Amino acid sequence: MTEAARPLASIARRLLWVTGLGSLLIALGVTAAAVWTVDGEVDELLDDGLQASAAQLAPVVVAAGAAPQPTPPDTDDELRFAWAWFDAGGRLLRASPGAQPEAWRPPAPGFANSEHWRLYGLPLSGGRGLLVVAQTRAERQEARIEVGRDALLMALALALLGLPLLAWRSQRELRPLQRLAERLAGFDAGRSDPRALAVQMGPPGRSELAPIHEALRQLGERLGARLDFEREFAAQSAHLLRTPLAGIDAQLAVALKEQPGQPRLQRVREASRRLQHLLLALLRLFRSAPELHRVPLEARALLAGLPLGALVLEAGPPCPLDADAELLAAALLNLIDNAQRHGATRLWLGQPAPGSLLLTDDGGGIGDAERQALRQRLASGSADQGLGLRLAQLVAEAHGGGLELPASAQGFAVRLTLQA
């Protein structure tokens, strides 16, 4: 058994995957760019806010003066802003509830960072010390998280909304390719003129398909010309060969009548008849579209009229069917040759079903493994099994049937199906 062919990937499905993944990557990229851009802006804006707060708070703190005692801590968990006033020597003079002046030492002008705070030190006029205003770094982190989350949600929403549009547009762009595939699938290459392929395809729907259309059109033209030459050659060859072969057979018949009892002449005549059947059948079979001339016939009578040599055809019921007599005779002659080469002396012809023939001999036969290998070679169309079986298979297929090799208790068996 041959391994089943793996299904081909779909361009539409792969394009949808690429589009979806691309949309997601674009959304993530836009989010990262937005966060990276906004991050610096957030820090700059909040630093500006700290600086402005210090400038507005300085006169108020100086007017209120130093605190007589330490400022109690703020119990509010949502504290985001605090300040502290240090004298010129770095001693704490006053602080807002919740401030952590010990963590802000040594106080220095300008911006600085502590473990949990962003600091800004403003020197007070008149040597009154330094005002330090602070904002929790958690406030900044929260701002970054909110910006990143909102940017990601917005980008994902746009990607999800745009994905169906992209998928719809992709399907529309793939329609010309799908129509081309449907038209090619509807073209009967076995019966139609290859030159009709260009008409079957129609005009290309996209510029990228134009080279494909042109290549297939040229191929159809070349195949059509080749078929014309093949038909003419086959017809001329059949006409030219039929007359001399018939003349040889007639001369041999006259020679046998004048010199009866000449076994060599009889064998030459039988070989001539075999050659005539084989050549004419091959000329017809190996055309691209062999023409059949089905007629009602009786297969047993046809087989009995062929040169069987030393083989004996056993009696049996008639085997009527509709078939091309010339092709069927060539197929049976090749099977007869196979039987003779394998030591057969008797033949049996049966009809297991209407439109089929079963030919069995009493030759040496083959084993199950060899029969299975022969079946595989026949299924693949290989000629390794010899011309006899291959030609019989081609005759059966030309009739719309096939060839089988059923198991046989003795000898070798071949089943030909010629009618559906």
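That block above? That's the structure.
First, a word on scope: everything that follows refers to the structure included in this document. Residue positions are counted from 1 within each chain, in the order its sequence is given. Since the coordinates come from a predicted model, pLDDT governs what is reported: local features require at least 70, and pairs of side-chain atoms require 80 or more to be given and counted, while whole-chain, interface and lining totals use all residues. Calculation of side-chain values draws on the structure's entire complement of heavy atoms; hydrogens and water are dropped beforehand.

What counts as a helix is a DSSP run of H or I of at least four residues, what counts as a strand is a run of E of at least two, and both are numbered from the N terminus. A tally of regular secondary structure across the protein chain gives 9 helices and 12 strands. Where accessible areas are quoted, they stem from the Shrake-Rupley method and a 1.4 Å probe; at the residue level, only the protein chains shown are allowed to cover. For the protein chain, the accessible surface area stands at approximately 25,000 Å², while carbon and sulfur atoms represent 59% of it.

The subject of this paragraph is the sheet that holds strand β12 (residues 413–417). Strands qualify as paired when DSSP identifies two bridges or more between them. The 5 strands are arranged β7-β9-β10-β12-β11 in an open sheet whose pairing can be described as mixed. Here the strands that pair on one side only, and so sit at the sheet edges, are β7 (312–313) and β11 (402–404). Relative to strand β9 (residues 346–350), β7 runs parallel, the two being bridged by 2 bridges. Within the sheet, the bridge partner assigned to L313 lies in β9 and is L347.

Moving on: helix α2 (residues 137–185). An expected span of 1.5 Å times one less than the residue number is assigned to each helix. Here α2 contains 49 residues, and its C-alpha end-to-end distance of 68 Å stays within 8% of the 72 Å for a straight helix at 1.5 Å per residue. Note that the bend at a residue is defined as the angle between axes fitted to the seven residues ending at it and the seven residues starting at it. Of all the bends in α2, the greatest reaches close to 40 degrees and is centred on R175; the proline P176 follows between one and four positions later. For every residue, the accessible area obtained with a 1.4 Å probe (protein chains only) is divided by the maximum for its type, and the residue is called buried under 20%, exposed over 50%, and partly exposed between those limits. All buried positions along α2 are accounted for by R140, G148, A151, A155, A159, S170, L174, P176 and L180.

Along strand β1 (residues 81–86), 5 of the 6 residues are buried, which leaves the element largely enclosed by surrounding structure. Where β1 lies against strand β5 (residues 130–136), 6 bridges are found, and the strand directions are antiparallel. By the bridge assignment, A84 is partnered in β5 with V132. Where β1 folds back on strand β2 (residues 92–95), the antiparallel hairpin that results is connected by 5 residues, among which G90 adopts a positive phi of roughly 90 degrees.

Before going further, it helps to spend a moment on the pattern of salt bridges. The term salt bridge refers to a side-chain nitrogen of Lys or Arg lying within 4 Å of a carboxyl oxygen of Asp or Glu. As enumerated under the stated definition, the model contains 12 salt bridges in all. A salt bridge links R80 to E142; its shortest N-O distance comes to 3.6 Å. Of the two residues, R80 is situated in the loop between α1 (11–64) and β1 and E142 in helix α2; the sequence distance between them amounts to 62 residues. Since its relative accessible area comes to 26%, R80 is described here as partly exposed. Connected through shared salt-bridge partners, R169, E173 and R206 make up one network.

Moving on, we come to the environment of R217. Tracing the chain through its elements places R217 in helix α4 (residues 210–258). For the pair R217 and V199, spaced 18 residues apart in sequence, the C-alpha to C-alpha distance is 8.9 Å. By definition, residues are in contact when any of their heavy atoms lie within 4.5 Å. Residues in contact with R217, not counting those within four places in the same chain, are A198 and M201. We define a polar contact as two N or O atoms separated by no more than 3.5 Å, with the added condition that, inside protein, one atom must be a possible hydrogen donor and the other a possible acceptor, whereas residues neighbouring each other in sequence contribute only through side-chain atom pairs. Separated by 2.6 Å, the side chains of R217 and E214 make a polar contact.

The next subject is the packing of α1 against α2. In this description, a line fitted to the C-alpha atoms serves as the axis of each element, helices being fitted only across the stretch in contact, and the angle between N-to-C directions of two axes falls anywhere from 0 to 180 degrees. Where α1 contacts α2, the two axes come as close as 7 Å, and the packing angle between them is 155 degrees. Viewed along their axes, α1 and α2 adopt a mutual orientation that is roughly antiparallel. Two packed elements cross with a definite hand, and for α1 against α2 that hand is right-handed. Here the contact of α1 with α2 is built from residues that sort into 25 nonpolar, 7 polar and 5 charged. Every angle not falling under 35 degrees, over 145, or within 65 to 115 is termed oblique; those three ranges are roughly parallel, roughly antiparallel and roughly perpendicular. Crossing handedness follows the turn of the near helix against the far one: under a right angle anticlockwise gives a left-handed crossing, and clockwise gives a right-handed one. Nonpolar residues are Ala, Val, Leu, Ile, Met, Phe, Trp, Tyr, Cys and Pro. Charged residues are Asp, Glu, Lys and Arg, and all others, Gly as well, are polar.

Pairing between strand β10 (residues 356–361) and β12: 5 bridges, direction antiparallel. Residue L357 lies in a different strand from β12, and its bridge partner there is L416. With 3 bridges joining them, β11 and β12 adopt antiparallel strand pairing. Pairing of E404 across the sheet is with R415, part of β12.

Now for a positive patch on the surface. Every patch collects residues that have over 30% relative accessible area and no salt bridge, joining them within 9 Å if they carry like charges and within 5 Å if they are nonpolar side chains (Val, Leu, Ile, Met, Phe, Trp, Tyr). As used throughout, the charge tally considers Lys and Arg to be positive and Asp and Glu to be negative, leaving His and the chain termini uncounted. Positions of charges follow a simple convention, taking NZ of Lys, CZ of Arg, CG of Asp or CD of Glu. A contiguous patch of positive charge on the surface is contributed by R172, R175, R179 and R183. For R179, the location among the structural elements is in helix α2. Relative accessible area serves as the criterion here: at 39%, R179 is assigned to the partly exposed category.

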